Amino acid sequence: MSIKKQFIKTKPVCKVTFSVADKEAKVVSVVGDFNNWNPKEGELSQLKNGTFKGVFELAKDTSYEFKYLVDGNFVNEPEADSYRWNDFAGSENSVLNL
């Protein structure tokens, strides 16, 4: 799993690339504050090498909570900027700071 941030100088957004290397997975999504935790809006595309990848334009100067949804199981990003406890989920969420 990894996150790549590319800040756009001409717009107040950051292109964020989410990658999940899991050859056994069938469906992988990134869900979070930026897409109302909707798996359909955060579905990642599977590449030929088995990695799932997606690019999202997110507003700069914002902090987002998120998780990956891998075949129905929530997974945190090991390279997240930080983690925040969420009472609703009863667990920590990954945090992305832009």
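Residues numbered from 1 in each chain as written. Predicted model: local features only at pLDDT ≥ 70, side-chain atom pairs only at ≥ 80, totals over all residues. Heavy atoms only, no water.

(A) Broad picture of the nonpolar core. F18 and Y68 are the most contacted members of the largest nonpolar core, which totals 19 residues. Elements supplying a minimum of two residues to this core: β2 (13–21), β3 (28–32), β5 (51–59) and β6 (63–70). Those residues within four positions of F18 in sequence are excluded, and the remaining contacts are S2, I3, V30, F34, L44, F52, K53, G54, F56, F66, Y68 and L96. (Core = buried A, V, L, I, M, F, W, Y, C linked by side-chain atoms within 4.5 Å. Buried < 20%, exposed > 50% of the residue type's maximum accessible area, 1.4 Å probe, protein only. Helix = DSSP H or I, 4+ residues; strand = E, 2+ residues; numbered from the N terminus. Contact = heavy atoms within 4.5 Å.)

(B) Summary view of the packing of aromatic side chains. One pass over the structure, following the stated rule, counts 7 aromatic pairs. Between F18 and F34, the ring centres sit 5.9 Å apart and the planes meet at 15°, which makes this aromatic pair stacked. Of the two residues, F18 sits in strand β2 while F34 sits in the loop between β3 and β4 (45–46), which places them 16 residues apart along the sequence. When its relative accessible area of 0% is taken as the criterion, F18 is described as buried. On the numbers, 5.8 Å between centres and 85° between planes, the contact of F34 with Y64 is edge-to-face. Pair noted here: F34 is in the loop between β3 and β4 and Y64 is in strand β6, with a separation of 30 residues, a long-range link. With respect to class, F34 is no different from Y64; both count as buried. (Phe/Tyr/Trp six-rings, centres within 6.5 Å; stacked < 30°, edge-to-face > 60°.)

(C) Focus on the side chain of N93. The residue N93 is located in strand β9 (residues 91–97) in this model. With near-sequence residues (within four places) excluded, N93 lies in contact with W37, E65, F66, K67, N76, S82, Y83, R84 and N86.

(D) Representation of the pairing of β2. Within β2, 7 of the 9 residues are buried, which leaves it mostly tucked inside the rest of the structure. Summarising the sheet, strand β1 (residues 2–7) and β2 pair through 6 bridges and their orientation is antiparallel. Directly across from I3, in β2, lies its bridge partner F18. Taken together, β1 and the strand that follows it, β2, pair antiparallel across an intervening segment of 5 residues. Across 9 bridges, β2 lies against β5 in antiparallel orientation. Looking at the pairing, F18 lines up with G54 of β5. (Pairing = 2+ DSSP bridges.)

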